[in-house]
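Examining the three-dimensional arrangement
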Amino acid sequence: MRPLQCVLRAQRCLRRGPLASVSWLLLRTCRAHSSVPSSACPRPERQQEDGVWKDFSSRLATGPTFQDFLRSASVPPEKPSSPEVEDPPPYLTVDELSGRQRKVYLETYGCQMNVNDTEIAWSILQKSGYLRTSHLQEADVILLVTCSIREKAEQTIWNRLHQLKSLKSKRLRSRVPLRIGILGCMAERLKEEILNREKMVDILAGPDAYRDLPRLLAVAESGQQAANVLLSLDETYADVMPVQTNPSAASAFVSIMRGCDNMCSYCIVPFTRGRERSRPIASILEEVRKLSEQGLKEVTLLGQNVNSFRDNSEVHFNNAVSTNLSRGFSTNYKAKQGGLRFAHLLDQVSRIDPEMRIRFTSPHPKDFPDEVLQLIHERDNICKQIHLPAQSGSSRVLEAMRRGYSREAYVELIQHIRESIPGVSLSSDFIAGFCGETEEDHLQTVSLLREVQYNIGFLFAYSMRQKTRAYHRLKDNIPEEVKLRRLEELITVFREEATKANKSFVGCTQLVLVEGPSKRSAADLCGRNDGNLKVIFPDVEMEDVTDSGLRVRAQPGDYVLVKITSASSQTLKGHVLRKTTLKDSTAHC
Ligand code: 5AD
Ligand code: SF4
């Protein structure tokens, strides 16, 4: 058994608490094998090859039975206390598990889920006695929260590790040794390959193993590598209140579910983040209530498939109500039934604070029943913004991607959404150059971009990922330069259409939640409208209608009305009219 596998097995024991000692022992024992070939470890197959297994079977057949064992069993008499010196406990002590004020530097890569995971990981470490630093040079522990979705994302991490190597080697002996950890999807996907390739990596923690961080770091203290990359069927970190990296931010992300069961053929996520599971509604509502009490003005419900949310934790009988999929959509998995669904959650969350905006990302187009659309339309504080990842405009490619819909069904859904939520802002993800994509398929995607005219878009060149269905069954046969050319074409068309769509806001008054100074100019402020578009406006005094017309300057977390004067594919610009509230706002066109 290789050392890492020992650790993995040990983790199963660890989950159950008191057996942590077993984990530690196994870890140490197995590390002792790290310098010998793996075939030297006592694996059952190896014993069988040597004939030892056969001998063991015959001894077992002639040996005592279970009944004999029970007969001879009796409660052992209590031992008189002896003056013998005890062995040191074979598990980590509370002191060893504590952070002892070591400073942690966290660096986040990839999607919003990783931002939220960073806050969860930090919450766990903080409770364990670690301090946080935003200065790399001060750090005793550097943790990278990583992404595996495309090859490029992983390459960025490898490059970063090379930079960190010199930091580690130049570390003064007078300081505690620097520990480096890889967290998240890349730890899950590559497992021991990272430890073997980069010996300077001390710990690995997959997306479901953040509770184990204090232990992994304690093991690393003794100079050993430690890993936990077990995926869980039920871990949602429901009881961990994330600690926001920016405590003065007006908005926060709240994780409502993890993992994905969709198995789109190009996607690594189901393999790195595991099976879909939803967080119990009660704990989500509690977190949103706390954020509202702290004065936050916007919450984004987060998950790989937010609108597939299904909380079965409080359901005592299966009501067998089958799931309403969007018309013309299907799933790759067996239909799921019962539980409290996304519409119920959205309703409850939006009732907590009428001054708090609610968004959600990222949904799957298959799970948009009418009740969700109606709720978005009716509730003032649910943003009229829907992310509807299309991935391709060609039904042939969509089938190869196993997305569960055709172009026609997708377009019909867009029409239905636009009828149900007038003025809705739409965004999407697209992949250029998927396996077997012809020029005709590509033109179909171009035409979908023209037809829908999205406000916001995320476009990527296809990157083949091991383990996925596409890796096993399809050929990554579109040359890199063709993928990039098609991607450029999609970006150009998306920008042209988004500029047209965004220009329709010119002359309108938009309700903007202020985020802070604009990155480009200190004289300007930046915020977002209901559709999640960035709005830039000069930082000048304005009337505060919430405070008897006082003259004030806008602050982060304020709602202000901005008259839009110009638009591009990415931003709106305008001038501020007055400070207001979400309820009393009179945003109009
Ligand atoms: N290559 C390129 N893009 C991908 N995405 C997911 N997997 C891949 C891949 N292998 C894109 C999809 C998804 C977004 C989060 O990332 O568009 O919606
Ligand atoms: Fe990946 Fe598809 Fe799941 Fe999105 S829905 S995370 S693209 S498998």
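Check the entry above for the structure.
Residues numbered from 1 in each chain as written. Chains lettered and ligands numbered in written order. Predicted model: local features only at pLDDT ≥ 70, side-chain atom pairs only at ≥ 80, totals over all residues. Heavy atoms only, no water.

All right, on to the overall build of the chain then. Per the secondary structure count, the chain includes 20 helices and 23 strands. With 589 residues in all, the chain has 50% of them scored as buried. In the chain, 74% of the contacts between residues at least 6 apart in sequence involve partners at least 24 apart. For the chain, the accessible area works out to roughly 28,700 Å², and carbon and sulfur atoms hold 52% of it. (Helix = DSSP H or I, 4+ residues; strand = E, 2+ residues; numbered from the N terminus. Buried < 20%, exposed > 50% of the residue type's maximum accessible area, 1.4 Å probe, protein only. Contact = heavy atoms within 4.5 Å. Areas by Shrake-Rupley, 256 points an atom, 1.4 Å probe, with all protein chains shown as cover.)

A word on the sheet that holds strand β5 (residues 203-205). Overall, parallel pairing links the six strands, which are arranged β2-β1-β3-β4-β5-β6 in an open sheet. In this open sheet, the two edge strands, each paired with only one partner strand, are β2 (131-132) and β6 (226-228). Two strands pair when backbone bridges link them, and strand β1 (residues 103-108) and strand β3 (residues 141-146) are joined in this way by five bridges, in the parallel orientation. Paired with glutamate 107 across the strands is leucine 144, a residue of β3. Running over the sheet, helix α7 (residues 112-127) touches β1, β2, β3 and β4 (179-184) and is turned about 170° from β1. Contacts between helix α8 (residues 151-169) and the sheet are confined to β1, β3 and β4, with β3 contributing the most and set at about 175° to the helix. (Pairing = 2+ DSSP bridges. Axes fitted to C-alpha atoms, helices over the stretch in contact; angles between N-to-C directions.)

Ranked by internal contacts, the top residues of the largest apolar core, which has 57 residues, are Leu301, Phe342, Leu346, Ile386 and Tyr454. If one sorts the elements of this core by residue count, helix α17 (residues 407-420) sits on top with six residues. With residues near it in sequence (within four places) discarded, leucine 346 still touches Leu301, Ile358, Phe360, Val372, Leu375, Ile376 and Ile382. By size, the runner-up hydrophobic cluster in this structure holds 26 residues, among which are Leu92, Val141, Leu183 and Leu217. (Core = buried A, V, L, I, M, F, W, Y, C linked by side-chain atoms within 4.5 Å.)

Spatially, the three strands line up as an open sheet ordered β14-β15-β16, and their pairing is parallel. Strands with a single pairing partner mark the edges of an open sheet, and in this sheet they are β14 (385-387) and β16 (456-461). Within this sheet the neighbouring strands show an average axis-to-axis angle of 10°, counted without direction. Its contacts with the sheet put helix α20 (residues 480-503) on β15 (425-432) and β16, and the angle it makes with β16 is roughly 175°.

A separate point is the environment of valine 576. Relative to the elements of secondary structure, valine 576 occurs in strand β23 (residues 571-580). The class of valine 576 is buried, set by a relative accessible area of 11%. Each C-alpha atom, one on valine 576 and one on valine 562, is 4.3 Å from the other, the two residues being 14 residues apart in sequence. In contact with valine 576, other than residues within four places in its own chain, are Phe537, Pro538, Val540, Met542, Val560, Leu561 and Val562.

Most of helix α11 (residues 213-221) is tucked away, with eight of its nine residues classed as buried. Looking one or two residues past α11, glycine 223 carries a phi angle of roughly 90°, positive in sign.

What surrounds ligand 1 is the set Ile149, Arg150, Tyr266, Gln391, Asp429, Ile431, Phe460, Ala461, Tyr462, Ser463 and Arg465. Tyrosine 266 is positioned such that a nitrogen or oxygen atom in its backbone is 3.1 Å from a nitrogen atom of ligand 1. In the environment of ligand 1, an oxygen atom lies 2.7 Å from a nitrogen or oxygen atom belonging to the side chain of glutamine 391. Its free accessible area being 410 Å², ligand 1 has 86% of it covered by the protein chains. Listing elements by their share of the shell around ligand 1, those giving two or more residues are β15 and β16. (Near = heavy atom within 4 Å. Polar contact = N/O pair within 3.5 Å; in protein donor to acceptor, adjacent residues only side chain to side chain.)

Judged from the six bridges that link them, β15 and β16 form a sheet pairing that is parallel. What sits directly across from serine 427, in β16, is isoleucine 456. Running through helix α18 (residues 439-452), the crossover from β15 to the neighbouring parallel element β16 is right-handed. (Right-handed = clockwise from strand over helix to strand, strands pointing away.)

With that settled, the discussion passes to the side chain of arginine 279. Along the chain, the position of arginine 279 falls in the loop between β9 (277-278) and α13 (281-293). Among the polar contacts listed, one links the side chain of arginine 279 to the side chain of glutamate 287, at a separation of 2.8 Å. Excluding anything up to four places from it in sequence, arginine 279 contacts Thr236, Ala238, Val254, Ser255, Ile256, Met257, Ile284, Glu287, Phe309 and Asp311.

This part covers the packing of aromatic side chains. One pair of aromatic rings is described through two measures. These are the centre distance and the angle between the planes. On inspection of all chains with the given rule, the structure shows eight aromatic pairs. When the ring of phenylalanine 342 is compared with that of phenylalanine 360, the centres are 5.0 Å apart and the planes differ by 75°; the resulting orientation is edge-to-face. Taken together, the residues phenylalanine 342 in helix α14 (residues 342-352) and phenylalanine 360 in strand β13 (residues 357-361) connect sequence positions 18 residues apart. Per residue, the accessibility class of phenylalanine 342 equals that of phenylalanine 360, and both read buried. With a centroid separation of 5.7 Å and an interplanar angle of 70°, the aromatic rings of phenylalanine 430 and tyrosine 454 are classed as edge-to-face. Here phenylalanine 430 is found in strand β15, whereas its partner tyrosine 454 is found in the loop between α18 and β16, with 24 residues between them in sequence. Here phenylalanine 430 falls in the buried class, since its relative accessible area comes to 2%. (Phe/Tyr/Trp six-rings, centres within 6.5 Å; stacked < 30°, edge-to-face > 60°.)

One pass over the full model with this rule turns up 46 salt bridges. Note that arginine 171 and aspartate 140 form a salt bridge whose closest N and O atoms lie 2.8 Å from each other. With a gap of 31 residues between them, arginine 171 in the loop between α8 and β4 and aspartate 140 in the loop between β2 and β3 connect regions that are remote in the sequence. Residue arginine 171 is classed as buried on the basis of its relative accessible area of 15%. With relative accessibility at 12%, the residue aspartate 140 sits in the buried group. Note that lysine 336 is salt-bridged to aspartate 261, the shortest N-O span being 2.8 Å. Placement of the pair is lysine 336 in the loop between β11 (310-311) and β12 (340-341) and aspartate 261 in the loop between β8 (257-258) and α12 (269-272), with a sequence separation of 75 residues. Residue lysine 336 is classed as partly exposed on the basis of its relative accessible area of 22%. Linked by salt bridges that have partners in common, Asp117, Asp208, Arg258, Arg273 and Arg277 make up one network. (Salt bridge = Lys/Arg side-chain N within 4 Å of Asp/Glu carboxyl O.)

This next bit is on the packing of α7 against α11. The packing of two helices is summarised by the inter-axis angle and the distance between the axes. As a packed pair, α7 and α11 sit with axes 9 Å apart at the nearest point and diverge in direction by 65°. When the axes of α7 and α11 are compared, the pair comes out roughly perpendicular. In contact with Ala121, Ile124 and Leu125 of α7, α11 contributes Leu213, Pro214 and Leu217. The residue inventory of the contact of α7 with α11, partitioned by class, reads six nonpolar, no polar and no charged. (Parallel < 35°, antiparallel > 145°, perpendicular 65-115°, else oblique. Nonpolar A, V, L, I, M, F, W, Y, C, P; charged D, E, K, R; others polar.)

Turning our eyes to something else, we now look at α7. Its 16 residues give α7 an end-to-end C-alpha distance of 23 Å, which sits within 8% of 22 Å, the value for a rise of 1.5 Å per residue. Taken across its 16 residues, α7 has twelve buried, putting it largely inside the fold. All of the buried residues along α7 are Met113, Asn114, Asn116, Asp117, Thr118, Glu119, Ile120, Ala121, Trp122, Ser123, Ile124 and Leu125. One or two positions beyond α7, positive phi appears at glycine 129, with a value near 100°. (Expected span 1.5 Å × (residues − 1).)

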